[in-house]
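# Analysis of the macromolecular model
Here is what each chain is made of, one letter per residue.
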Amino acid sequence: MSDKIILEVKNLKKYFVMKKDLLGRPKKVLKAVDDISFTLKEGETIGIVGESGCGKTTMGRSVLRLNDITGGEVVFNGETVADIPARKLRKLRTEMQIIFQDPYSSLPPRMSVGQIIGEAVKVHKIVPIEELRAYVLDIMGKCGLQPHYYDRFPHEFSGGQRQRICIARALAVRPKLVVCDEPVSALDVSIQANIINLLEDLRDEMKLSYIFISHDLSVIYHVSDKIGVMYLGNLVELASKDDLFDNPLSPYTRTLFSAVPAPDPRKKMSRIILTGDIPSPANPPHGCKFHNRCPECMQICKMIRPEFYEAAPNHFVACHCYYRHYELHPYEPVSVPPSTLYVKSRKQG
Amino acid sequence: MKEKLQNAAAFIRKRAIRFGKAVKKFFTDIFGSDSGYISRKTEKEISDYNRKEIKRLEKEKRRKLSPEDYRTEMQNPDNIAEFDDLKTYFYTDRGTVKAVDGVSFSIPKGVTVGIVGESGCGKSVTAMSLMRLIQGPLGQITGGEIRFAGRDGYTYDMVKIPTKDLYRIRGKEIAMIFQEPMTSLNPVFTIGNQIDEVLITHLDMNKHEARKRSIELLTQVGIPMPEQICDRYPHELSGGMRQRVMITIALACQPRLIIADEPTTALDVTIQAQILDLLRRIKTQFDGSIMLITHDLGVIAEMAEFVVLMYAGKIIETGTVDEIFYNPLHPYTIGLQRSKPVIDSGKERLYSIPGNVPNPINMPPYCYFYDRCRFRTPECKKGYPPFVQLTETHGTACWLHQRSADADYENAGTFTTDAATTDTVNTNTANMPNGGENF
Ligand SMILES: Nc1ncnc2c1ncn2[C@@H]1O[C@H](COP(=O)(O)OP(=O)(O)OP(=O)(O)O)[C@@H](O)[C@H]1O
Ligand code: SF4
Ligand code: SF4
Ligand SMILES: [Mg+2]
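Quick caveat, the model's predicted, so the values are computed rather than measured.

With that out of the way, let us pick up the overall build of chain A. When helices and strands are tallied, chain A shows 10 helices and 12 strands. On C-alpha atoms alone, chain A measures out to a radius of gyration of 22 Å, which is about the 20 Å that the 2.2 N^0.38 rule sets for 349 residues. The principal-axis extent of the C-alpha atoms belonging to chain A is close to 75 × 60 × 40 Å. Going through the 349 residues of chain A one by one, you find that 53% of them count as buried.

Moving on: the site of ligand 2. Neighbouring residues of ligand 2: Pro251, Cys288, Phe290, His291, Cys294, Glu296, Cys301, Pro306, Cys319, His320 and Cys321 of chain A. Its residues assigned to classes, the shell around ligand 2 shows 8 nonpolar, 2 polar and 1 charged.

Looking now at the sheet that holds strand β12 (residues 387-389) of chain B. Residue and element names in this part refer to chain B. Strand order in the open sheet made by the 8 strands is β7-β8-β9-β4-β10-β11-β13-β12, with mixed pairing throughout. A single partner strand is all that each edge strand has here, and the edge strands are β7 (174-177) and β12. The sheet shows a mean angle of 15 degrees between the axes of neighbouring strands, taken without regard to direction. Pairing of strand β4 (residues 112-116) with strand β9 (residues 289-294), which is carried by 5 bridges, proceeds in the parallel orientation. Bridged to Thr112 within β9 is Ile290. On the sheet, helix α4 (residues 123-131) packs against β4, β7, β8 (257-261), β9 and β10 (306-311) and is oriented at approximately 145 degrees with respect to β9.

This part takes up the site of ligand 3. All residues adjacent to ligand 3 are His330, Pro331, Cys367, Phe369, Tyr370, Cys373, Phe375, Arg376, Cys380, Cys398 and Trp399 of chain B. Partitioned by chemical class, the residues of the shell around ligand 3 number 9 nonpolar, 1 polar and 1 charged.

As a further point, take the packing of aromatic side chains. As enumerated under the stated definition, the model contains 16 aromatic pairs over all chains in all. Between Tyr366 of chain B and Tyr370 of chain B, the aromatic rings sit 5.3 Å apart at their centres with planes inclined by 75 degrees, giving edge-to-face as the arrangement. On the basis of relative accessibility, which here comes to 15%, the residue Tyr366 of chain B falls in the buried class. Among the aromatic side chains, those forming a connected cluster through ring pairs are Tyr221, Phe245 and Phe257 of chain A. Above the ring of Tyr384 of chain B, the side-chain terminus of Lys314 of chain B is found at 4.7 Å from the ring centroid. Over the ring of Trp399 of chain B we find Lys382 of chain B; its NZ or CZ atom is 4.3 Å from the centre of that ring.

Summed over the entire model, instances satisfying the criterion amount to 0 disulfides over all chains. In this structure Cys54 of chain A is not part of a disulfide, and its nearest cysteine sulfur, from Cys288 of chain A, lies 14 Å away.

On to helix α6 (residues 191-203) of chain B. Residues and elements named next belong to chain B. With 13 residues, α6 ought to run about 18 Å at 1.5 Å a step, and its terminal C-alpha atoms sit 18 Å apart, in line with that. Along α6, the residues that are buried comprise Ile191, Gly192, Gln194, Ile195, Asp196, Val198 and Leu199. At its buried positions, α6 is contacted by α7 (207-220), α8 (226-229) and α9 (239-251). Of the residues one or two after α6, Asp204 is the one with positive phi, at around 55 degrees.

Helix-helix packing is characterised by the crossing angle of the two axes and by the distance between the axes. Residues and elements named next belong to chain B. Between α9 and helix α10 (residues 269-286), the least distance of the axes is 10 Å, while the angle of their chain directions is 15 degrees. On the basis of their axis angle, the class for α9 and α10 is roughly parallel. The handedness of the crossing between α9 and α10 is right-handed. Contact with α9, carried on its side by Gly240, Gln243, Arg244, Ile247 and Leu251, involves Ile271, Gln274, Ile275, Leu278, Leu279, Ile282 and Phe286 of α10 and no other residues of that element.

What follows deals with the sheet that holds strand β12 (residues 315-317) of chain A. Residue and element names in this part refer to chain A. Taken in spatial order, the 8 strands make up an open sheet running β6-β7-β8-β3-β9-β10-β12-β11, and their pairing is mixed. Looking along the sheet, the strands with just one partner apiece sit at the ends: β6 (96-99) and β11 (309-312). Pairs of neighbouring strands in the sheet enclose a mean axial angle of 20 degrees, with direction left out of account. With 5 bridges joining them, strand β3 (residues 45-49) and strand β8 (residues 209-214) adopt parallel strand pairing. Looking across to β8, one finds that Ile46 is bridged to Ile211. Across the sheet, helix α5 (residues 159-172) lies against β6 and β7 (177-181), angled at about 175 degrees from β6, the strand it touches most.

Next up on the list: the domain arrangement of chain A. Residue and element names in this part refer to chain A. Considered domain by domain, chain A is made up of domain 1 (5-224) and domain 2 (234-340). Note on domain 1 versus domain 2: buried area summed over both sides is about 1,500 Å², and carbon and sulfur give 63% of it. For domain 1, the biggest contributors to the area lost against domain 2 are Glu51, Leu217 and Tyr221; these three give 37% of the whole. The interface formed by domain 1 and domain 2 includes 3 salt bridges.

Attention shifts here to the environment of Gly144 of chain A. The residue Gly144 of chain A is located in the loop between α4 (132-142) and α5 in this model. Separated by 54 residues in the primary sequence, Gly144 of chain A and Arg90 of chain A place their C-alpha atoms 28 Å from one another.

Right, let's get into the pairing of β11 of chain A. Residues and elements named next belong to chain A. As paired strands, β11 and β12 are joined by 3 bridges and run antiparallel to one another. Its bridge partner being in β12, Ala312 is matched across the sheet by His315. Hairpin geometry of β11 and β12 is characterised by an intervening segment of 2 residues between the two adjacent antiparallel strands and by a positive phi of about 60 degrees at Asn314.

Note on strand geometry: in a regular strand, side chains alternate between the two faces of the sheet. All names here are of chain B. Of all the 5 residues making up β4, 5 are buried; the element is thus mostly covered by neighbouring parts of the structure. Neither face of β4 is open: one carries Thr112, Gly114 and Val116, the other Val113 and Ile115, and all of them are buried. Sheet topology places β4 next to β10; 4 bridges connect them, and they run parallel. Residue pairing in the sheet places Ile115 in a bridge with Val308 of β10.

Conventions used here
- Residues numbered from 1 in each chain as written.
- Chains lettered and ligands numbered in written order.
- Predicted model: local features only at pLDDT ≥ 70, side-chain atom pairs only at ≥ 80, totals over all residues.
- Heavy atoms only, no water.
- Helix = DSSP H or I, 4+ residues; strand = E, 2+ residues; numbered from the N terminus.
- Rg over C-alpha atoms; globule rule 2.2 N^0.38 Å.
- Buried < 20%, exposed > 50% of the residue type's maximum accessible area, 1.4 Å probe, protein only.
- Near = heavy atom within 4 Å.
- Nonpolar A, V, L, I, M, F, W, Y, C, P; charged D, E, K, R; others polar.
- Pairing = 2+ DSSP bridges.
- Axes fitted to C-alpha atoms, helices over the stretch in contact; angles between N-to-C directions.
- Contact = heavy atoms within 4.5 Å.
- Phe/Tyr/Trp six-rings, centres within 6.5 Å; stacked < 30°, edge-to-face > 60°.
- Lys NZ or Arg CZ within 6 Å of the ring centre and 35° of its normal.
- Disulfide = S-S within 2.5 Å.
- Expected span 1.5 Å × (residues − 1).
- Parallel < 35°, antiparallel > 145°, perpendicular 65-115°, else oblique.
- Left-handed = near helix turned anticlockwise from the far one by under 90°.
- Domains from an automatic or database assignment.
- Buried area = accessible area lost by both parts, 1.4 Å probe.
- Salt bridge = Lys/Arg side-chain N within 4 Å of Asp/Glu carboxyl O.

In structure tokens:
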């Protein structure tokens, strides 16, 4: 890992309009990604973990500019992605790649493995055309695909092998950043380890940076250098792997850790069991979005959304429990309509 | 002249071979790999065979049985259910899928038995066979016995049990919870109606009693405001809530056995923790057994007392949860445990099992794990390994342990299982013939 920062995400927002009023103005918005910031160094892996519907995939797609964003900024390799003109976007597309969860639907059925992997290489003229075949075979070798698969078709392969083809396709254009969106979730347990090892080897060999998205905390723990925990569109905690696991600050992170069943029958954990369901992202609770399930909820949590701030060096958290830090970070009230404040406090009283 | 003829013959032969190859390539291109393509002739053979077999089995099923035929005796009165050499096959167009092929294990009273294995290994089919929910005519139980100790004191063979008795047991004495509750809840009835319905049909309650009991049950499984939930439709609830409703329905008749097939796989971890906690809690309440099917070793470690490991339709290892996790015998069990990333384990490379689960139609005549096994010896090809029982609870189907069991028999008392297996696993797959690549 070098010290060069390859990706900087600043206050990224992506809202989806659910309903429009008569004049076409948004009446109801779903804040799929709501103010997310992090940086990523060359050769580093950031793991993004969170439960279903928390906006992991939208975040990944927004970073790659696969959908337009509502606010914020993505700086890739020193350039603001939104400012890059369309003609240069193609180059950017090769430098940022994505690997999807489902290796079954993400490969075109009528193209041979060689064509699938070589297509983008040809389009973007990564290598001279006469070297194409040798180049593709080389990439296939790196991804553990045998040369004679070159002329075969995707349906002849098992899930694990297809995921290898997807990986080879993504890496053939020499990207710098790869978003891995649940790359092993659809695979059998005994195949998962294979793919994880492959991704790790390739990262070290090709100096790749990964945004590794998963709902499986143990997979995230294994691959990541730093980890961001998401809940309903927000990052609630961001820290290096060791900081996060040794000293989880957010009550949500702590619950998440304790919820993972350990494959060890003698390890009896004191488990924090949450009450209640994950609220719908279209209708998140006021104040801290986690307050209706949080075991440590305080009065203030119901009224004011906690800021995302550096509670310890390089350890960011969004939680009122670390209140004293507000002295260092002067607090500005967030946009909670006064009426809700009033109603809520009256109800409590 | 003769030479010319010979030349011509050689030329024609060469051409013919090349043509044959081209034809073969053509078919390979269209139908995928060589093994995927089935010729007309084989296809016909398969369908003739299927028709004959299905006809025979269906006829068998229709035979009128007397109670002596379907009532049996438990081998051990402490068990609630015993699977004995169960065989469930699917007669598909591509050949016979032996989804469950000679499975034997038992579920003791008041105990949670975990069934673990990867997708397609026959976990669900085993459970469905007990419930007699195998989709005919393609799916057939072709052999074996499933003994179930009914509440009336008789032991029934669930394979032969007549429909009348089956309906009495299914849903009432054996209840089932599925991975996706939406498929088993009726979308057009309210939650309340569906629970009432079960109580009314199975327990002869009247409407009023049923509703009262429904609300009681919903409270028990931790549903807030049960009166209101009763009037909701399934699609209005979240996945976790629906699973709670399924558990309520399962509990309604106080079953003796609950089959939970991947009950938490579709749920988020925090919700999974809630449901697992609930399952544990209700088990102490209803004092029955749970057959828990899952692919997640973490869930098993937490919930189960006994574990059954399946691979490609067969049981490869059984034991108490401690035996399986601390002294795994079968190379597949060991590999599975080592390949799972674990929090707090430091950053070591994951062990990966090379290869794939073999094609379910053409299983080899030797150990099914052979192609992926680190510990195989030429001896392993001599046949499918018999199941050896090493302790009262712990057993496995692997030639490795067959040998040590034999040795043990000869020089009694010197038997060690773990030394040979667990210590050497963590090296990589480089010494596999294919470098661990081909999966
Ligand atoms: N209706 C059917 N027709 C044909 N084959 C079937 C049918 N149902 C199951 N099978 C086959 O039986 C085998 C075992 O299936 P089963 O559903 O028991 O696996 P499982 O262990 O529960 O897997 P999973 O973890 O994916 O649920 C598989 O090879 C499957 O393809
Ligand atoms: S801000 Fe309050 S409700 Fe939110 S996580 Fe922290 S303690 Fe819990
Ligand atoms: S029988 Fe042989 S090939 Fe099969 S699991 Fe045991 S050691 Fe491996
Ligand atoms: Mg299943």
